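Structural overview for review
Here is how the chains run, residue by residue.
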Amino acid sequence: MRWADAAALLMLTLAAPAAAYPAELYPAYNMWKAGRPADAMPLAEAAIAANPADPWTRILAARVRLSLGDGIGAEAELDRAEAAGLPRALTNHLRAHALLLEGRPARALDAAFPEGVAPRFRGYAARMRGRALAAQGDLAGADAAYDEARARDPNDPEAWVDTATFRRATGDLRGSIAAADRAVALGPRNVAALIAKGEAARTQYGLRAALPWFERALEVDPRNIDALIARAATEGDLGQMRAMLATTRAVIRIDPRNGDAFYLQAVLAARAKRWVLARTLLDKAGDGVAERPSVMLLDGIVSLQSGNPEQAIAKLRRLVAMQPDNLKARRVLAAAAWNTGDAAAVIETLAPVADDPRADSYTLTLIGRALERTGDRARAAAYLDRAAMPADRGADLGREALTPERLATLRGAAARGGAGARIALVRALLRGERGTEALAEATMLRDADPGVPATHLLVGDALAALGRYREAAGSYRTAADIQFSEPVALRLIDALRRAGDGPGAQRALGLYLQQNPRSLAGHLLRADLLLAAGHWAEAAPLLERLRSRIGPRDAIVTGNLAWAYWELGRRDEALALGAQAYRLAPANAAVATGYGWLLHASGKDRARGIALMRQGSAQAPRDPWPHWRLALAYAAEGRRKEARAAAQAALSLPGFGQAGAARALLGRL
């Protein structure tokens, strides 16, 4: 027996002299302390077999089981330790942990009450109170409990891990990142700390940045389920499907009933459109994960694709009730309702999101078709017209009338409510084109919660609405330093482009795609940037891959590919694709402009080409591109007055990248 081990064990129980510990206990303790509880468990069982009445061996076995997530087994060991004479003051903190693993937070709170816990373990008990209070929705109480845990045990990495997890769950991502950093600094081989740091890196930087932290955790404990699942999920999001499959199989070898592993394999099967296999794997995942929103969404998708829309509707209705802002769930639920012929249900499902100015074309088209089916052609036309407008990947939130009564209602709700009501007020001010007021409100929100990236996004959106794109990019950068997510990245890139910093936009996009190589929105934006820069040879193969991935019915991608083919001299293919894009979306301004330009430039139908470009400029008056193409076409036709007006319209709009060429054209005219 080493005295260092004995001293550590004394800290574990604070109850017995070193000589009281059985020799068989030390191998299990050393393995557990090294962060390998799965390997420690058989050693602990051997120690128990040799010393069945020893309470300290039971305590260690309970700690090992807690590390493995086995609350019931841990509680049984604690009962035996107490039966062997150990007082409850030395077990209550561990019992609280076991009860939490069993899903019993109220009883865990009772067990973790400070007066019932030995002083040495009150920091641990405070952590358990934090978890229990958070589970009961008492976030302020949980925050205070975690503060107490860190105050009592400032050098305990577990206290910082729990703090990081709590802050992440409550939206304080900057605070979560700082806590994870502290946890790793205190416990560089603490598996929970390494996993927390991996999750923080995934949020802050992206998918690739997270993997090394999960790998470090697995170097410490190759059989750690949490680390394996985190790695598998990240591999899947990176598109490393074989690696993901191998990792989930490793989990199942350790834990043949692990629901997370079967769920991830179901995701893999769904991506391959193997719906029968996906259903089988979801069934194997079991009830333990069935109520998670991500699992419910996948279950609905698999049911719909397997020809069971009614089953999908039952699952997705509950999900939408749980998460009303879950757009993906609403879209799949609406698709399922459409498949059953229930147009009214489609309208009911999509109306809350379709009226948002940022609604996507799929949502707008589906609700429009549903309204047509019910005979409400006037409302249907309004949605279908919006669906035909070109998408804006920046921060433009659209415009809506903001009456004094509506504004008063929003201000009253913001004064009475929390951050959500204040955010709604800012968004409404932005849509009402009251950017200065929106900026003031957003700045107050940011200053109150600087660790929440959404507040920096709001400030950036307000600055962008005021045309202050360089400052907006600064706010988006701050948000990106906390959470480099897709919405943050797209806003940052758009602001940099509008501020005239094309290289900066390219760098930001490159960094985002490096971390998130499967991001569809990122690759679509990269294609846009390549087209804008005239890099046709790079743009064409990227657009071909995107078209293969999305399908041939995306009018924008098809039209952009036509444009790239035209510039590469593949004129016949360009005209054919341009015509196909126009057939798919004849009312889309960008598609109409692109096809019109091809018809005019090829000489195939100059008059119709100009008519289509005029249609595009009328439909998208705030987009400089249709005006500029129309100006070039008018100039080629010798229609100087009309060419001058179109060029001046393009020059008057922000974000126009051909200002020099437009001024030169005006000089010639």
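Residues numbered from 1 in each chain as written. Predicted model: local features only at pLDDT ≥ 70, side-chain atom pairs only at ≥ 80, totals over all residues. Heavy atoms only, no water.

**Here's the deal with the overall build of the protein**
For clarity, the cut-off: Where helices and strands are cited, they refer to DSSP runs of H or I of at least four residues and of E of at least two residues respectively, numbered from the N terminus. In this scheme, a residue with accessible area under 20% of its type's maximum is buried, one over 50% is exposed, and one in between is partly exposed, where area comes from a 1.4 Å probe on protein chains only. Whether two residues touch is decided by their heavy atoms; if any such pair falls within 4.5 Å, the residues are in contact. Computed with a 1.4 Å probe, the accessible areas rest on the Shrake-Rupley method; for each residue, only the protein chains presented here act as cover. Counted as positive: Lys and Arg. Counted as negative: Asp and Glu. His and the chain ends are not counted at all. Note on charges: their place is set at NZ of Lys, CZ of Arg, CG of Asp or CD of Glu.
Assigned secondary structure in the protein consists of 40 helices and zero strands. With respect to the three principal axes, the spread of C-alpha positions in the protein is 100 × 50 × 45 Å. Taken across its 669 residues, the protein has 51% of its residues classed as buried. Contacts in the protein between residues at least 24 apart in sequence constitute 51% of all its contacts with a sequence separation of at least 6. Approximately 30,000 Å² of the protein is accessible, and the part contributed by carbon and sulfur atoms is 53%. Charge separation in the protein, taken as the distance between the mean sites of 89 positive and 72 negative side-chain charges, equals 6 Å.

**Concerning helix α26 (residues 419-431)**
Put simply, the test is: How far a helix is expected to stretch is found by multiplying one less than its residue total by 1.5 Å.
Taking 1.5 Å per residue as the helical rise, α26 with its 13 residues ought to reach 18 Å, and the 18 Å between its terminal C-alpha atoms agrees with that figure. Here α26 has its buried residues at Leu425, Val426, Arg427, Ala428, Leu429, Leu430 and Arg431. On its buried side, α26 packs onto α25 (404-416), α27 (435-448), α28 (453-465) and α30 (486-498). Directly after α26, the chain includes Glu433, whose backbone phi takes a positive value near 60 degrees.

**Digging into unusual backbone geometry**
Its identity as a non-glycine residue notwithstanding, Lys273 has a phi of 60 degrees, on the positive side. Inspection of the secondary structure puts Lys273 in the loop between α16 (259-271) and α17 (275-285).

**Observations regarding the domain arrangement of the protein**
It is common to give the size of an interface as the accessible area that goes away when the parts come together. Stated precisely, the cut-off is as follows: Those domain boundaries reflect an automatic or database domain assignment.
When the domains of the protein are assigned, the result is domain 1 (291-388) and domain 2 (397-518). Taken over C-alpha atoms, the centre of domain 1 sits 27 Å from the centre of domain 2.

**Some remarks on the pattern of salt bridges**
Defined as follows: Here a salt bridge means any side-chain nitrogen of Lys or Arg lying within 4 Å of a carboxyl oxygen belonging to Asp or Glu.
In total, this model carries 41 salt bridges according to the counting rule given. Put simply, Lys315 and Asp299 hold a salt bridge, and the shortest N to O gap is 3.8 Å. Remark: Asp299 occurs in helix α19 (residues 293-305) and Lys315 occurs in helix α20 (residues 309-322); sequence separation between them is 16 residues. With respect to class, Lys315 is no different from Asp299; both count as buried. Taken together, the shared-partner salt bridges connect Glu75, Asp79, Glu82, Arg88, Arg95, Glu102 and Arg104 into one network.

**Some points on the UniProt feature "repeat: TPR" (unreviewed entry) in the protein**
Quick note on the threshold: UniProt positions are given in the numbering used here, feature names are shortened, and annotations may be inferred rather than shown by experiment.
The positions UniProt marks with the feature "repeat: TPR" (unreviewed entry) are residues 191-224 and 293-326. Helix makes up 79% of residues 293-326 and strand 0%, whereas the separation of the span's terminal C-alpha atoms amounts to 9 Å.

**Quick word on the environment of Ala108**
On the secondary structure map, Ala108 appears in helix α7 (residues 105-111). By relative accessible area, which is 1% here, Ala108 ends up buried. Between the C-alpha atoms of Ala108 and Leu94, which are 14 residues apart in sequence, the distance is 9.5 Å. Apart from residues no more than four positions distant in its own chain, Ala108 is found in contact with Ala96, Leu99, Leu100 and Ala132.

**Concerning the environment of Arg223**
This is how the line gets drawn: Counting of polar contacts relies on pairs of N or O atoms within 3.5 Å, with two restrictions inside protein: one atom must be capable of donating a hydrogen and the other of accepting it, and residues adjacent in sequence are counted only when both atoms are side-chain atoms.
Among the secondary structure elements, Arg223 is positioned in the loop between α13 (207-220) and α14 (225-237). For Arg223 and Val64, which are 159 residues apart along the polypeptide, the C-alpha to C-alpha distance reads 14 Å. Aside from chain neighbours lying at most four places away, what touches Arg223 is Ala38, Asp39, Leu228 and Ile254. Within polar-contact distance, the side chain of Arg223 engages the side chain of Asp39 at 3.3 Å.

**Focus: the packing of α16 against α17**
Heads up, the condition is: Only the stretch in contact is used when a helix axis is fitted, and all axes are lines through C-alpha atoms; the angle between N-to-C directions ranges over 0 to 180 degrees. Geometric relationships in this document are graded by angle, where less than 35 degrees denotes roughly parallel, more than 145 denotes roughly antiparallel, 65 to 115 denotes roughly perpendicular, and other angles denote oblique.
At a minimum axis separation of 8 Å, α16 and α17 run at an interaxial angle of 170 degrees. Here α16 lies roughly antiparallel to α17, going by the angle between them. Residue-level contacts link Gly259, Phe262, Tyr263, Gln265, Ala266, Ala269 and Ala270 of α16 to Trp275, Leu277, Ala278, Leu281, Leu282, Lys284 and Ala285 of α17.

**As for the packing of aromatic side chains**
What counts is decided by this rule: Side-chain rings of Phe, Tyr and Trp, where Trp is taken by its six-membered ring, are said to pair if the distance between their centres is within 6.5 Å; with planes under 30 degrees apart they count as stacked, over 60 as edge-to-face, and otherwise as tilted.
Inspection of the entire model under this criterion finds seven aromatic pairs. With 6.0 Å between their ring centres and 50 degrees between their planes, Tyr29 and Trp32 make a pair best called tilted. In this pair, Tyr29 and Trp32 both sit in helix α2 (residues 25-33), three residues apart, roughly one turn of the helix. Overall, Trp32 belongs to the buried group, its relative accessible area being 12%.

**Re the environment of Ala266**
Its place among the elements puts Ala266 in helix α16. Taking the C-alpha atoms as reference points, Ala266 and Leu281, 15 residues apart in sequence, are found 5.2 Å from one another.

**Topic: the nonpolar core**
The condition is simple: The nonpolar core is taken to be a set of buried Ala, Val, Leu, Ile, Met, Phe, Trp, Tyr and Cys residues, with the residues joined through side-chain atoms within 4.5 Å.
Of all hydrophobic cores here, the largest spans 49 residues; its most connected members are Ile195, Ala217, Tyr263, Leu264, Leu282, Leu298 and Val302. The element that contributes the greatest number of residues to this core is α16, accounting for nine residues. Setting aside chain neighbours within four positions, we find Leu298 in contact with Tyr263, Ala266, Val267, Ala270 and Leu282. Listed in part, the 48 residues of the second largest apolar core include Ala579, Ala592, Tyr595 and Trp597.

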